[in-house]
Amino acid sequence: AQKVTQAQTEISVVEKEDVTLDCVYETRDTTYYLFWYKQPPSGELVFLIRRNSFDEQNEISGRYSWNFQKSTSSFNFTITASQVVDSAVYFCALRSGSNYKLTFGKGTLLTVNP
Amino acid sequence: KAGVTQTPRYLIKTRGQQVTLSCSPISGHRSVSWYQQTPGQGLQFLFEYFSETQRNKGNFPGRFSGRQFSNSRSEMNVSTLELGDSALYLCASSTEQGTGELFFGEGSRLTVL
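Residues numbered from 1 in each chain as written. Chains lettered and ligands numbered in written order. Predicted model: local features only at pLDDT ≥ 70, side-chain atom pairs only at ≥ 80, totals over all residues. Heavy atoms only, no water.

Q: Explain the side chain of His29 of chain B to me, please; I cannot follow it from the model alone.
A: Residues and elements named next belong to chain B. Inspection of the secondary structure assignment puts His29 in the loop between strand 3 (19–24) and strand 4 (31–38). For His29, the side chain forms a polar contact with the main-chain nitrogen of Ser94, separated by 3.5 Å. Look past the residues within four positions of His29 in its chain and what remains in contact with it is Ser72, Ser93, Ser94, Thr95 and Phe103. (Helix = DSSP H or I, 4+ residues; strand = E, 2+ residues; numbered from the N terminus. Polar contact = N/O pair within 3.5 Å; in protein donor to acceptor, adjacent residues only side chain to side chain. Contact = heavy atoms within 4.5 Å.)

Following this line, the structure appears as structure tokens:
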């Protein structure tokens, strides 16, 4: 069985602060994929990043960075110098083995205040 | 390139009725998945289709069904609606088999009264 835990239900920061969203996953498969999605109020889930289980390189994309650690089954997401437009619900998700579905965490509501 | 299009965006039904939701994937994408999002249960997988075949199904009752057409467009149907079926129904498409990222539509928000 697969499981994704996002322990932080809500986070509130002031603009320009750095913020890290935590994600812990569980799977027995050796091949799996991890994702982060952003859901603004409009409802659409916006794809941010995909990582496969064989690539533990951390990635940086502008103000976004991701830290993948298989040893702790974590795939954390950091926003540097947060902006009001970053306010949204962020979901971590897992797809593993031959299973075609995504298992989502409960999401973290990030509010960036001006 | 047009994104995933879902219709209708909003709808209100009463208990016992049925509803059909439609999803047009991104051009060239052959995999379509459906998810239900509720405040209590979060995002839950309903089913996934590839080339008109259902490859995987989530833990939902038989009242929830779907299909995919030869042009990759997909529909899902919920019969005998219950209050608990009120949710945002999200459709996603993908071009790769099992490894690619999913691209989501804006969803169909169903309210059951």
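Anyway, onward from the coordinates.
Q: Looking at this structure, how should I read the packing of aromatic side chains?
A: Here a ring pair, both rings aromatic, is described through the centre-centre distance and the interplanar angle of the planes. Considering all chains together, one arrives at 20 aromatic pairs over all chains under this definition. Ring centres of Tyr25 of chain A and Phe68 of chain A lie 6.3 Å apart, and the angle between their planes is 50°; this geometry places the pair in the tilted category. Of this pair, Tyr25 of chain A sits in strand 4 (residues 24–26) while Phe68 of chain A sits in strand 8 (residues 64–69), placing them 43 residues apart in sequence. Classification of Phe68 of chain A by relative accessible area gives buried; the value is 2%. Counting every residue linked through ring pairs, the aromatic cluster contains Phe35, Tyr37, Phe47, Phe91 and Phe104 of chain A together with Tyr35, Phe45, Phe103 and Phe104 of chain B. (Phe/Tyr/Trp six-rings, centres within 6.5 Å; stacked < 30°, edge-to-face > 60°. Buried < 20%, exposed > 50% of the residue type's maximum accessible area, 1.4 Å probe, protein only.)

Q: Any chance you could explain the environment of Gly105 of chain A here in plain terms?
A: Turning to its location among the elements, Gly105 of chain A is positioned in the loop between strand 11 (103–104) and strand 12 (108–113). Each residue touching Gly105 of chain A, except ones within four places of it in the same chain, is listed here: Val4, Gln6, Phe91 and Cys92 of chain A.

Q: So what exactly am I meant to see when it comes to the interface of chain A and chain B here?
A: How big an interface is tends to be reported as the loss of accessible area on association of its parts. Chain A puts 18 residues into the contact, and the matching count from chain B is 23 residues. Taking both sides of the interface into account, the surface hidden between chain A and chain B amounts to around 1800 Å²; carbon and sulfur atoms contribute 54%. By the criterion of area lost to chain B, the three top residues of chain A are Leu45, Arg95 and Tyr100 of chain A, representing 30% of everything that side buries. At the junction of chain A and chain B, the tally comes to 1 salt bridge. Its salt-bridge partner being Arg50 of chain A, residue Glu101 of chain B comes within 3.6 Å of it at the nearest N-O pair. The tally of links from chain A across to chain B stands at 4 residue pairs in polar contact (both at pLDDT 80 or more). (Buried area = accessible area lost by both parts, 1.4 Å probe. Salt bridge = Lys/Arg side-chain N within 4 Å of Asp/Glu carboxyl O.)

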